[in-house]
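The primary structure of each chain is shown beneath.
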Amino acid sequence: MNFFRICLSLVLISLTTSALAQMPGGAGRGQMGGGQNMNLGHFYGKIIDSTTNKPVDAASVQLIQNKLDTMTKKRRDVVVSGMLTTKKGEFSLENLNIMAQYKLKITAIGYKTIERKVAFSLNMSGMKNGDMSGMLNSVDKDLGNIKLDVDALQLQNVTVVSNKPLLTMSIDRKVFNVEKNLTSVGGTAVDVMKNVPSVNVDIDGNVTMRNAAPQIFVDGRPTTMTLDQIPADAIASVELITNPSAKYDASGGGAGILNIVLKKNRKAGYNGNIRASIDSRGRPGFGGDINVKQEKVNFFAAGMLGIRKSKSDVTTERTDFFTNNTAHSLQMNNPVNKGFFAFGRIGMDYFLNNRNTFTIGGNVVRGQFKTNDFLNSINDTTYSSSSVHETATRASNSVGNFRNYGSTFSYKHNYAKAGKELTADVNFNYSKNDNESDNDQKQYTAASNLKGLNLFQNTTGGGTTKFLTIQTDYSNPITEKMKIEFGARASFRDFTSFNTITNIYKDYTNGQILFGSNTISNYKFTDAVYAGYTTFSQQLNKFTYQLGLRLESSEYNGNLITKNQKFSNSYPFSLFPSAFFTYKLTDKQDMQLNYSRKINRPNFFQLIPFVDVTDPLNISKGNPDLIPEFTNLAELSYQNQLSNKHSFLTTLYFRNTNDLITRYQYRDANPNPAISDSATFNTYANANSSFTYGLELTVRDKFISWWDLSTNLNLYKTQLKAGNIPGSTNQSQVSWFAKINNSFKLPKNYSIQLSGDYQAKTLVPASSSGGGMGGRGGGGMMGGGGFGQASPGAQGYIKPNYGVDIAIKKDFMKNNAASLTLQMSDVFRTKLSATHAESSFLIYDSERRRDPQVARLSFNWRFGKVDVSLFKRKNMKGEMDSMQNAQQGMGN
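Let me begin by describing the structure that accompanies this report. Please read these numbers as outputs of a predicted model, since none were measured by experiment.

A count of helices and strands for the protein chain gives seven helices and 46 strands. For the protein chain, the residues scored as buried account for 49% of the 892 residues in total. Within the protein chain, residue pairs in contact and separated by at least 24 positions form 69% of the contacts whose partners lie at least 6 positions apart. Entry remark: accessible area of the protein chain is about 40900 Å², with carbon and sulfur atoms responsible for 55%.

Right under this line is the structure:
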């Protein structure tokens, strides 16, 4: 052993002497001189908590040297070595230049940063005295226990502070951060969408994006939940994907995707919030969520209970042109809807190790709503030589229940190669609903005397939906500038429904039942969609492209049980290409051209040939001859990040749909043999095509430190070629939609949000499932209207409407952990939904106003504690990446 140490000492002395001989004027400070000969140094030590003296895991240790940059001829600090401490808080830095001067920098989440100068103090006097061991020991230097002080302010910031902007933009999507949105606090996803750029929301909660109905995703997967079943306080963000690539479903047409990302925090420790609210109608709401992460488990849970009351004012006017007469009716009603809905969610992530994560979760939604309505109708019938004036009333009461259960299981594997990953997940949703309504209809003469028979109608119905999706995705960055992705997906849906209509005709004088009739319909259907995709992307200097191809096939089987009618459709494999081309003009400017092909297959309600006579003035019937519609989408986008305070995104878009599925009305014999006049039927048909051209501009501005402004403007022209449908004509309409969102930060922790939108006259959104067609669309939980309401399709349009919402928020308590928010919707009572439909046999106009000037006061308390010892190495990945990049640039 002594022989070995003597030999090593001789070698060291020889190298040192040789190196010093080559260093003019003492230039050995920091310069490598004779190459790698001086890289014999070793620093090591231990990082501990100054209070507990416990080791600090995953602290970043960086060794920095001031060196001459050969390119710029200037000196700069360079990271020459670094690592994250072990679980014992230990670090070891080897192969260091023993002649250099260094700066040691230590950082850890939740602690104050430490910087100190370190160097190898070579004992040259020992060489003269023959003390070789002292010389050797000076090269292997123990820095001892280095204590870190806790940074309380940093911990508080990690726990309760978020600095995300309200809107972030990129070329392929826009992300709306819901936690920054004040006007939706205590509401539902419908309230959130009212403030999302590019999205238009009608008074019934139906959403459109660029005048088309998008697909609704939750956490990247389709869902059976409706927007009014998702609490706003459970949403982290909303992603707007206007032209999805081949990676996403081709089904659903070319209207894009709204992806709702639910809250799930992975901060080590625990955090959450508790909420309560009450509106101006005395309806309360309660909710909360919690997230706990410790070691390998991340647990999350959320719950909410909302009590609601909705009021509507409805006016409907229609004129029917029959063979022998013209009938005009004016209807007015004010439905009131009361009820509740509850939402619960629970799940956990299990981190098997740094590269494998399992997630399991579930949610449940439950609700009940009751509607009371009284409708007055004034009816005038004009014949060639006379006219008849009558009135009618309808008192109705209904109750509806809904339930939704969802579950998910997912797995993610991260390979050693950065960016390479494999994911797989299974999602299952089960929903059930039932409803019952009683309608009491009476007719009166011009003298207000009872006429005819008293019609009492009872309707019961319900159904279930089971929806299963299985999906796997694989991503592999072949090089830093080349990437390939592929995956497969299968979805299966099982739907059942029942509906019974009982009509009882009574004598007005004694209430005796004279006769009655029953109409029963039971049906079910199943459908399946199979898909696979691949995408390839590459960066060539400033130019990046992505090419994708998706293969989809589907099959559909329906059964109208009451009539033993079975029908099925099988859609063979179809190809859906996508292409994205991006050119980076400067560091702040990008341009992109993209294209994709989509499909929209007719659903069961559009296909079923069952005749629904719930509303005798608007009989609905499906069309089993419908075929899928195919859509071509193209966009040309330009984005400019002018500064940290100003940015804008401009998009020219084009959408062409062939065999467009649209609604239309026609006149045919009344299915009730007791009525001689014909009836108006609402159904669906394939129009020849539609074309939409548009220009959309989204701008973010921060004019001053306390004012943020987001502006969205969409100018578009829609052409609908529906001349092939009897009674319809080709239509063309130029329209525009605008939305602004102002956020003001005021002194003493006050903030205000003021938002507004305007929709000009426009054609009915293509392929939307809006209200009126057999009562299957529109209001969802909180809707309400009259009978005899038609729905404009290929024969109508929507009139202009606009509205303004406002909210004010006050943060208080330590670290602003609590807040009070007061908001009001439709401040100026201007949100009026008005539609018009016209054909050779019908003129129809309807106006509806719902829940104007409703205020809501909400309280929110955030809590949490970060345990620094629970942070894993992956939490420091970004810092280590920058460290490695710095080391790679040492020779520059």
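Below, the discussion takes up the pairing of strand E43 (residues 818-824). In the sheet, strand E42 (residues 801-812) pairs with E43 via seven bridges, with the strands oriented antiparallel. Directly across from Asp811, in E43, lies its bridge partner Ser819.

Before going further, it helps to examine the pairing of strand E18 (residues 297-321). In the sheet, strand E17 (residues 284-294) pairs with E18 via 10 bridges, with the strands oriented antiparallel. Counted as the bridge partner of Asp289 is Ala302 from E18. The turn joining E17 and E18, which pair antiparallel and follow one another in sequence, is formed by two residues; a positive phi near 55 degrees is taken by Glu295. As defined by bridge partners, E18 adjoins strand E20 (residues 336-353) across 15 bridges and the pair is classed as antiparallel. Bridge pairing links Phe300 to Gly347 in E20. Inspection of the sheet shows E18 paired to strand E45 (residues 842-850) by nine bridges, in the antiparallel sense. Bridged to Glu317 within E45 is Asp845. As defined by bridge partners, E18 adjoins strand E19 (residues 326-333) across eight bridges and the pair is classed as antiparallel. Bridge pairing in E19 places Phe321 opposite Thr326.

For the rest of this paragraph, the subject is the nonpolar core. The biggest cluster of nonpolar side chains holds 29 residues, and the ones touching the most others in it are Met193, Val199, Ile235, Val238 and Ile260. Put simply, the parts of the chain that give this core at least two residues each are helix H5 (189-193), strand E10 (199-201), strand E11 (207-209), strand E14 (235-241), strand E15 (257-262), E20 and strand E21 (356-382). With four residues, H5 is the largest single contributor of residues to this core. Once residues within four sequence positions are removed from consideration, Val199 is found in contact with Met193, Val207, Thr208, Met209, Leu240, Leu258, Phe737 and Lys739. Listed in part, the 26 residues of the second largest apolar core include Phe43, Leu93, Leu143 and Leu148.

Going through the model one piece at a time under the given rule, you end up with 29 aromatic pairs. With centroids separated by 4.9 Å and ring planes inclined at 40 degrees, the aromatic side chains of Phe358 and Tyr411 adopt a geometry described as tilted. Highlighted residues: Phe358 in strand E21 and Tyr411 in strand E22 (residues 387-414), separated in sequence by 53 residues. Judged by relative accessible area, which is 29%, Phe358 ranks as partly exposed. What links up through ring pairs into an aromatic cluster is the set Phe536, Phe543, Tyr545 and Phe581. If you follow Arg210 out to its NZ or CZ, it ends over the ring of Tyr653, 4.4 Å from the centre.

Time to look at the sheet that holds strand E31 (residues 619-621). What the four strands build is an open sheet, ordered E30-E31-E35-E34; its pairing is mixed. Bordering the open sheet on either side are strand E30 (611-612) and strand E34 (661-668), each of which pairs with just one other strand. Of the strand pairs in this sheet, E30 and E31 are connected by two bridges, and their pairing is antiparallel. Paired with Val611 across the two strands is Lys621, which belongs to E31.

Our next topic: the side chain of Asn429. Tracing the chain through its elements places Asn429 in strand E23 (residues 421-444). Asn429 has contacts with Pro222, Thr223, Thr224, Asn404, Tyr405, Gly406, Thr465, Lys466 and Phe467, leaving out every residue within four places of it along the chain.

It is worth spelling out the environment of Ile561 at this point. Relative to the elements of secondary structure, Ile561 occurs in the loop between strand E27 (543-560) and strand E28 (565-586). C-alpha of Ile561 to C-alpha of Lys524: the two residues are 37 residues apart in sequence and 7.5 Å apart in space. Apart from residues lying up to four places away in sequence, Ile561 is in contact with Asn522, Tyr523 and Lys524.

The subject of this paragraph is the side chain of His42. Note that His42 resides in strand E1 (residues 39-49). By relative accessible area, which is 17% here, His42 ends up buried. Among the polar contacts listed, one links the side chain of His42 to the side chain of Ser92, at a separation of 2.8 Å. Non-local contacts of His42, meaning those with residues more than four positions away in its chain, are made with Ser92, Leu93, Glu94, Phe120, Val139, Asp140 and Lys141.

The next subject is unusual backbone geometry. Within the chain, Asn541 stands out as a residue other than glycine whose phi angle is a positive 60 degrees. Assignment of secondary structure puts Asn541 in the loop between strand E26 (513-540) and E27. Of note in the backbone geometry, Asp659 takes a positive phi value of approximately 60 degrees without being a glycine. Assignment of secondary structure puts Asp659 in the loop between strand E33 (646-658) and E34.

This paragraph deals with the sheet that holds E1. Here three strands make up an open sheet; going across it, the order is E4-E1-E7 and the pairing mixed. Two strands in the sheet have a free side with no partner beyond their single neighbour: strand E4 (90-97) and strand E7 (140-148). When strand polarity is set aside, the average angle formed by the axes of neighbouring strands in this sheet is 20 degrees. Two strands pair when backbone bridges link them, and E1 and E7 are joined in this way by seven bridges, in the parallel orientation. Bridged to Ile47 within E7 is Ile146.

Let us now look at the environment of Gly282. Among the structural elements, Gly282 can be located in the loop between strand E16 (269-279) and E17. Between the C-alpha atom of Gly282 and that of Lys309, which follows or precedes it by 27 residues, the distance is 8.9 Å.

To continue, consider the environment of Gly406. Within the secondary structure, Gly406 sits in strand E22. For the pair Gly406 and Leu468, spaced 62 residues apart in sequence, the C-alpha to C-alpha distance is 9.8 Å. In this view, Gly406 contacts Gly361, Gly362, Asn363, Phe428 and Asn429; residues no more than four positions away in its chain are not counted.

Rules used throughout
- Residues numbered from 1 in each chain as written.
- Predicted model: local features only at pLDDT ≥ 70, side-chain atom pairs only at ≥ 80, totals over all residues.
- Heavy atoms only, no water.
- Helix = DSSP H or I, 4+ residues; strand = E, 2+ residues; numbered from the N terminus.
- Buried < 20%, exposed > 50% of the residue type's maximum accessible area, 1.4 Å probe, protein only.
- Contact = heavy atoms within 4.5 Å.
- Areas by Shrake-Rupley, 256 points an atom, 1.4 Å probe, with all protein chains shown as cover.
- Pairing = 2+ DSSP bridges.
- Core = buried A, V, L, I, M, F, W, Y, C linked by side-chain atoms within 4.5 Å.
- Phe/Tyr/Trp six-rings, centres within 6.5 Å; stacked < 30°, edge-to-face > 60°.
- Lys NZ or Arg CZ within 6 Å of the ring centre and 35° of its normal.
- Polar contact = N/O pair within 3.5 Å; in protein donor to acceptor, adjacent residues only side chain to side chain.
- Axes fitted to C-alpha atoms, helices over the stretch in contact; angles between N-to-C directions.

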